[in-house]
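Spelled out, the chains give:
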Amino acid sequence: MIIKPMVRSNICLNSHPTGCATVVMRQIEYARKNLAASGEGSPKLVLVLGCSTGYGLASRIAASFGYGAATVGLSFEKAASQTKPGTPGYYNNLTFDREAAKQGLASVTLNGDAYSNDMKAQAIEALRKAAEQAGIPAKADLIIYSLASPVRTDPQSGIMYKSVIKPIGKSFSGNTVDMMNGNIIPAGAEPATDEEIAQTIKVMGGEDWELWMDALAKADVLSPQARTVAYTYLGPESSWAIYKNGTIGRAKEDLERACRDINKKHGNKIAGAWVSVNKALVTRASVVIPVIPFYVSCLFKVMKEKGIHEGCIEQIVRLFRERLYTAGASGDPRKTLVDGEGRIRIDDWEMREDVQKETAARMAGVTPETLESLTDLAGFKHDFLEAHGFDVEGIDYGAEVDPAGI
Ligand code: NAD
């Protein structure tokens, strides 16, 4: 079939198999070139929760193709059929496994609900299997927690919780951009109720990360060198009303609470837990947050002009090379570069004073007429389409493609 993008309100409803595969191949190439296989104390057996897209996919690619690690990846994706494309993550996982097999890199990919007890048990078995494939002890030394989900079913009670993106205390109004037609549109949200705040913390907070670490410790599959890293975002003041000080921010505060508790509980048996603050990027999860598309379009323009723009793979390669597996930090995790709150900051370039000042000025000055020239709306739209396998260089979108494979 011929597959063209179907986009409604900044949500892309389909994906292109060979486009997705090409984007994964490019990330693999970048990781290979930019990470030395023998990076200081680099990981050998890695578990990535949320492995199929965005930051999780980049993490798995960097560990595997950059450092040669055996990897287990878990995500929740929809498979393709003969008549309907799968989700982008489905094709990304297929490509990852195909390329890993070609390179003789051990990999096991699981599809299912990471919040469930069953998938935790399956992932533990998969770690043993991947270790056996690689001929190494079944002791994971890096666990990446990169889930982004709108819902979570509590494994004990069976209750399903839903997360919302809302401000707390007062209503929010700002601008967002419809990237397909370039219209600046007002985006507002009413304040969250206490119940909505609590539900969002249940979904996007740190409870499930703690359950994962407990399960891995109990099954005795953690190496004494194990590091676990979960991703968060802070962003500039212009987004705080909807992000940092809103429901998602509360959930991310809970993620930091969980990080401290994991260190208290397991810190004497593993190297430690960290929260890494990453840069704002265009992923399936981030485009639906009001104000973010507008902010990111302005931010990308400024960062590209300054030659410091990064995508997911560049961010994660820098996290590995300059934070986790550097000479000092590998031998002694206490030397990992962190901020005053103990967080790793790879949003450092985004948050630079000059970058923020210029981005804020653009956001304030943009009109519908200057949107194209003052912001990187084109780059934003490209990244968004690319995350679904569209607008990828070298792909003939007029050609027939088999949705069932790559
Ligand atoms: P994403 O949507 O690209 O990836 C989310 C992953 O979670 C996918 O692999 C998906 O399959 C998986 N997933 C969702 N529900 C699942 C479930 N129930 N079981 C198993 N897997 C499930 O998201 P992303 O933007 O890469 O975000 C990952 C993390 O990085 C989040 O914690 C996010 O807050 C953080 N972060 C994102 C940005 C950004 O701008 N995108 C910036 C900083 C931090």
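The present account deals with the structure reproduced in this document.

Conventions we followed
Residues numbered from 1 in each chain as written. Predicted model: local features only at pLDDT ≥ 70, side-chain atom pairs only at ≥ 80, totals over all residues. Heavy atoms only, no water. Phe/Tyr/Trp six-rings, centres within 6.5 Å; stacked < 30°, edge-to-face > 60°. Helix = DSSP H or I, 4+ residues; strand = E, 2+ residues; numbered from the N terminus. Buried < 20%, exposed > 50% of the residue type's maximum accessible area, 1.4 Å probe, protein only. Lys NZ or Arg CZ within 6 Å of the ring centre and 35° of its normal. Expected span 1.5 Å × (residues − 1). Contact = heavy atoms within 4.5 Å. Polar contact = N/O pair within 3.5 Å; in protein donor to acceptor, adjacent residues only side chain to side chain.

Bringing the packing of aromatic side chains into the picture now. In this structure the tally under the stated criterion is 9 aromatic pairs. Both rings, one in Tyr 233 and one in Tyr 243, keep their centres 5.3 Å apart while their planes meet at 80 degrees; by these two values the pair is edge-to-face. Here the residue Tyr 233 occupies a position in the loop between β11 (222-232) and α7 (237-240), and Tyr 243 occupies one in the loop between α7 and α8 (247-266), the gap between them amounting to 10 residues. Each of the two residues, Tyr 233 as well as Tyr 243, counts as buried. Cluster of aromatic residues (ring-pair linked, three or more members): Tyr 67, Phe 320 and Tyr 325. Taking the ring centre of Trp 240 as reference, the NZ or CZ of Lys 244 above it sits at 4.1 Å. If you follow Arg 318 out to its NZ or CZ, it ends over the ring of Trp 349, 3.6 Å from the centre.

Under the 1.5 Å per step criterion, the end-to-end length of helix α12 (residues 353-365) is 18 Å for 13 residues, consistent within 8% with the ideal 18 Å. Tucked inside the fold, the buried residues of α12 contact α7, α9 (292-305) and α13 (371-374).

Turning to the environment of Asn 111, a few remarks are in order. As for its position among the elements, Asn 111 is in strand β5 (residues 107-111). A residue is classified by how much of its surface remains accessible, and Asn 111, at 47% relative accessible area, is partly exposed. It is 32 Å that separates the C-alpha atoms of Asn 111 and Ala 192, two residues lying 81 residues apart in sequence. Non-local contacts of Asn 111, meaning those with residues more than four positions away in its chain, are made with Leu 74, Ser 75, Phe 76, Glu 77 and Met 119. Among the polar contacts listed, one links the side chain of Asn 111 to the backbone nitrogen of Glu 77, at a separation of 2.7 Å.

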